[in-house]
Amino acid sequence: MSEESVPQQGGPAGQPKGLLQQMEELMAALNADLSALDADLQRTPKEEADLS
């Protein structure tokens, strides 16, 4: 994950996000990435051949 994808500030007033909020967002992004990876790994060889 690159650093530019990690927001440094947020909120309606432009105040820095709290550490807990940052961690929750990062965990949500990680969970989505892992779900996508899991889906890729569980594809059958036939499905991969169809994509080539």
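Look up: the structure comes first, before these words.
What this report covers is the structure whose coordinates are included nearby. (Residues numbered from 1 in each chain as written. Predicted model: local features only at pLDDT ≥ 70, side-chain atom pairs only at ≥ 80, totals over all residues. Heavy atoms only, no water.)

### Details of the overall build of the protein chain
Thinking step 1. Regarding its fold elements, the protein chain presents two helices and zero strands.
Thinking step 2. The buried share among the 52 residues of the protein chain stands at 4%.
Thinking step 3. Counting every atom, the protein chain has about 4,600 Å² of accessible surface; 58% of that belongs to carbon and sulfur. (Helix = DSSP H or I, 4+ residues; strand = E, 2+ residues; numbered from the N terminus. Buried < 20%, exposed > 50% of the residue type's maximum accessible area, 1.4 Å probe, protein only. Areas by Shrake-Rupley, 256 points an atom, 1.4 Å probe, with all protein chains shown as cover.)

### Focus: the side chain of K17
Thinking step 1. Mapped onto the fold, K17 is located in the segment before helix 1 (19-41).
Thinking step 2. By relative accessible area, K17 is classed as buried at 18%.
Thinking step 3. Within the structure, the side chain of K17 is placed 2.7 Å from the side chain of E25, a separation counted as a polar contact. (Polar contact = N/O pair within 3.5 Å; in protein donor to acceptor, adjacent residues only side chain to side chain.)

### Regarding the pattern of salt bridges
Thinking step 1. The tally for this structure, following the rule as stated, stands at two salt bridges.
Thinking step 2. One salt bridge connects K17 with E25, and the closest N-O pair in it is separated by 2.7 Å.
Thinking step 3. For E25, a relative accessible area of 32% gives the class partly exposed.
Thinking step 4. A salt bridge links R43 to D40; its shortest N-O distance comes to 3.9 Å.
Thinking step 5. Residue class for R43 comes out partly exposed when judged on its relative accessible area of 31%.
Thinking step 6. Here D40 falls in the partly exposed class, since its relative accessible area comes to 39%. (Salt bridge = Lys/Arg side-chain N within 4 Å of Asp/Glu carboxyl O.)

### Quick word on a nonpolar patch on the surface
Thinking step 1. Residues M27, L30, L34, L37 and L41 make up a contiguous nonpolar surface patch of about 510 Å² in total accessible area.
Thinking step 2. Structurally, L34 can be placed in helix 1. (Patch = residues over 30% accessible without salt bridge, like charges linked within 9 Å, V, L, I, M, F, W, Y side chains within 5 Å.)

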